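Understanding the architecture of this molecule
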Amino acid sequence: MQNPNTNKKLLWQLPFLTLLIVGTVLIIRQQQSMPYHQDEGFIFGTSYHITYQCDSDMHESIKKELMKVDYSLSPFNKESIITAINENRDVVPDKMFLEVFQKAMTISRETDGAFDITVAPLVNAWGFGFKNGHQPTPHQVDSLLRLVGYEKVALKKGRVEKQNPQTMLDCSAIAKGYGADVIARFLRSRDVKNFMVEIGGEIVTSGINAKRLPWKIGVTKPTDDSLSTSGELQTVLNVTDKAMATSGNYRNFYYKGGKKFAHTIDPATGYPVQHSLLSATVLANDCATADAYATSFMVLGIEKARKVLDRHPELMAYFIYSDDQGQNVVWYSPTLKDKVEQ
């Protein structure tokens, strides 16, 4: 026999359960009818594409957030914080610069200097030589090496101090990822739950896309396509609620002993690396971290990179490298298996 008190309790709860169900249905319908906006433009010398679900267009607000990052970290902006530091002007770094600088220093230490925001002069010297065959001389490399080294810069009393005033900072290997993080934070602050932010190939995603499916991002296959026309994909990754960055000079290789090498400069030696890693894709909780580690893995090579990954289980990586026969081979973190689209 059923307890009358139980029946009364159920009857009392029924209106609240009905209200909860109706409210949930209305919220789902509202989310499904809310439009997805597309925003794109140029920043940090590259393009950006942002897709987000919102009942209003936030183009101007997004642009303002990107300009804050540009003012802090762009070496091409004559009024930026980083330009003032490079010109040895007395300037107090803003919060954005401090956040990126401190993260860069941490990752530099974690990778034994493979990631280094002072390496740009060497990269620039070799970059031109790769194209016309006029490589920097050993003397030039040695001269530039004296200016390079993350341990030669430090934060003291809120300012950046350089051991050598000629040392230059360049955050291009972390700034795009950081910019994507900044926009992701902004969108979340506006209660936007479904979005994809991409700046120069560095990506942050949340929720689902306009087709009500998880966000899926392609990893480009390294080819000798100098005109960048093929865009053939090696794989597709499910990156929902993750940040992803890829480093690799896909269409800019040199050959040695029949093997293919990416044009990556080792900050420790000043010369191109001598390993066969062609592309490093990293998934992390924030894009600045993914961006910096992807760059450092291209310097370290696959074996040393895997040792770093062993120390950092929060990171996942997808590597494409050239084997002894010159064929492209893939290795990825075991924890990435469920995210790889076969």
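Described in the following lines is the structure provided in the data block.

Definitions and limits used
Residues numbered from 1 in each chain as written. Predicted model: local features only at pLDDT ≥ 70, side-chain atom pairs only at ≥ 80, totals over all residues. Heavy atoms only, no water. Buried < 20%, exposed > 50% of the residue type's maximum accessible area, 1.4 Å probe, protein only. Helix = DSSP H or I, 4+ residues; strand = E, 2+ residues; numbered from the N terminus. Pairing = 2+ DSSP bridges. Salt bridge = Lys/Arg side-chain N within 4 Å of Asp/Glu carboxyl O.

1. Quick word on the pairing of strand E12 (residues 277-284)
Of all 8 residues in E12, 8 are buried; the element is thus mostly enclosed. Here strand E9 (residues 243-247) pairs with E12 via 5 bridges, running antiparallel. When the sheet's bridge partners are listed, Thr 246 is paired in E12 with Thr 281. Two strands pair when backbone bridges link them, and E12 and strand E13 (residues 316-322) are joined in this way by 6 bridges, in the antiparallel orientation. Bridge assignment links Ser 279 to a residue of E13, and that residue is Ile 320.

2. Side note on unusual backbone geometry
Although it is not a glycine, Phe 44 sits at a positive phi angle of roughly 55°. Mapped onto the elements of the fold, Phe 44 is located in the loop between strand E1 (36-43) and strand E2 (46-53). Not every positive phi belongs to a glycine, and Asp 241 is a case in point at roughly 60°. Mapped onto the elements of the fold, Asp 241 is located in the loop between strand E8 (233-238) and E9.

3. Structural notes on the pattern of salt bridges
According to the stated counting rule, one finds 8 salt bridges in the structure shown. Salt-bridge contacts for Arg 159 lead to Asp 90; the nearest nitrogen and oxygen are separated by 2.6 Å. With Arg 159 in strand E4 (residues 159-162) and Asp 90 in the loop between helix H3 (81-86) and helix H4 (95-110), this pair connects stretches of sequence that are 69 residues apart. Since its relative accessible area comes to 64%, Asp 90 is described here as exposed. Residue Lys 103 is joined to Asp 286 by a salt bridge in which the shortest nitrogen-to-oxygen separation is 3.6 Å. With a gap of 183 residues between them, Lys 103 in helix H4 and Asp 286 in the loop between E12 and helix H8 (287-300) connect regions that are remote in the sequence.

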